[in-house]
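Chain by chain, the residues:
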Amino acid sequence: MWGILRQKVGRGGFPASILGQSLRRIQPAASVLPRTFSSAAKEITVRDALNSALDEEMSADPKVFLMGEEVGEYQGAYKISKGLLEKYGPERVLDTPITEAGFTGIGVGSAYYGLKPVVEFMTFNFSMQAIDHIINSAAKSNYMSAGQINVPIVFRGPNGAAAGVGAQHSQCYAAWYGACPGLKVLAPYSSQDARGLLKAAIRDPDPVVFLENELLYGESFPVSPEALDSSFCLPIGKAKIEREGKHVTITAFSKMVGYALKAAEELSKNGISAEVINLRSVRPLDRAAINASVRKTSRLVTVEEGFPQHGVGAEICASVVEESFDYLDAPVERIAGADVPMPYAANLERMAVPQVEDIVRAAKRACYRSCP
């Protein structure tokens, strides 16, 4: 059994109470009170959606456990794991030392033996410390073992830019992990996305990278009664049409879906009907849904926070050119973050990430409308 190690100050100034426990003993699932649903849609925050998904999956399967920095006694740096330590105990909610390489490797090893770890990174920028375990150990083991070894593990945490946290805490890793065979990469936008996709990720037999957004945690979205049921789950690899349109297709994921919807509303004032696709899944990518939309609208604008070179948008554009080139009436447009490390100054930071007006201008160009 591991010893108990306590450390006074943690990364980012958070108190780092570190509690190690044996991974061999897993407590039985705690009971969950029955839920009652109303017929009307209920609004919940993305934070609460993630918390409820974790709670229900831990209750349903005693093999599921959570580990990471501050997930226990501090209840999560962003309070995603609030209440879970008290409910499930320190053997299923493990506070770890500040060593991503160490606890990620332990998580992957436990998945080899049939447990279902959910590894939280305080930010996906810190996952770089553990990328060997994620790519070489988790992603490739099923193939290298000829299907004999499954690695049912979820790597989750905030991804991309927050606000005023500088270049080393602001990068989007969707394209990085989306390029690796053996991984599934999910990026939720709404509360229903977060709840349904996290449940799907935990139940999946393969490693899943689950990219959240810090600025979305406090946002509230309507959730259908069906989505509040403990059996609710969204399919991995299926995009969602958030808004139907006929003049231009706009693809986005995570926080940029909200920007795309605002841009579509602005475009409607100019007589442009934009179809907004929430990718939900970066890998596998729903190429069928994207190409079907482009064949209807004949125009494409991709939106992402990440760098433009070798980005998710670049892959989408390539797919459309390969499969739907004859349907295009205008060059494809890519909106992405600036090709520079994220500036710290607020005015420069705003210029470095896509804005609603950037999407509006790109859609107008694609529709051959004049742009100021």
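Keep in mind it's a predicted model, so treat the numbers as computed, not measured.

### A word on helix α8 (residues 256-268)
For step 1, the next point in the chain: For α8, with 13 residues, the first-to-last C-alpha span of 18 Å sits near the 18 Å given by 1.5 Å per residue.
For step 2, the next point in the chain: Among the residues of α8, those classed as buried are Met256, Val257, Gly258, Tyr259, Ala260, Ala263, Ala264 and Leu267.
For step 3, the next point in the chain: Contact partners of the buried residues in α8: β9 (240-243), β10 (248-252), β11 (274-278), β13 (300-303) and α12 (356-366).

### Section: the sheet that holds strand β6 (residues 184-186)
For step 1, the next point in the chain: Spatially, 7 strands are ordered β3-β2-β4-β5-β7-β6-β12 in an open sheet, and the strand pairing comes out mixed. Of all the strands in the sheet, the pair left with one neighbour each is β3 (93-95) and β12 (281-283). Taking the axes of each pair of neighbouring strands and ignoring which way they run, one obtains an average angle of 20° across the sheet.
For step 2, the next point in the chain: In the sheet, strand β2 (residues 64-68) pairs with strand β4 (residues 116-120) via 5 bridges, with the strands oriented parallel. Of the residues in β4, the one forming a bridge with Phe65 is Pro117.

### Some words on the side chain of Glu305
For step 1, the next point in the chain: Tracing the sequence through the fold places Glu305 in the loop between β13 and α10 (312-324).
For step 2, the next point in the chain: The side chain of Glu305 sits in the buried core without any salt bridge; Lys255 is the nearest counter-charge, 5.2 Å away.
For step 3, the next point in the chain: One polar contact links the side chain of Glu305 to the main-chain amide nitrogen of Ala161, over a distance of 3.1 Å.
For step 4, the next point in the chain: Sequence-distant contacts of Glu305, that is, excluding residues within four places in its chain, are made with Gly160, Ala161, Asn213, Lys255, Met256, Gly337 and Pro354.

Thresholds applied
- Residues numbered from 1 in each chain as written.
- Predicted model: local features only at pLDDT ≥ 70, side-chain atom pairs only at ≥ 80, totals over all residues.
- Heavy atoms only, no water.
- Helix = DSSP H or I, 4+ residues; strand = E, 2+ residues; numbered from the N terminus.
- Expected span 1.5 Å × (residues − 1).
- Buried < 20%, exposed > 50% of the residue type's maximum accessible area, 1.4 Å probe, protein only.
- Contact = heavy atoms within 4.5 Å.
- Pairing = 2+ DSSP bridges.
- Axes fitted to C-alpha atoms, helices over the stretch in contact; angles between N-to-C directions.
- Lys, Arg positive; Asp, Glu negative; His and termini not counted.
- Salt bridge = Lys/Arg side-chain N within 4 Å of Asp/Glu carboxyl O.
- Polar contact = N/O pair within 3.5 Å; in protein donor to acceptor, adjacent residues only side chain to side chain.

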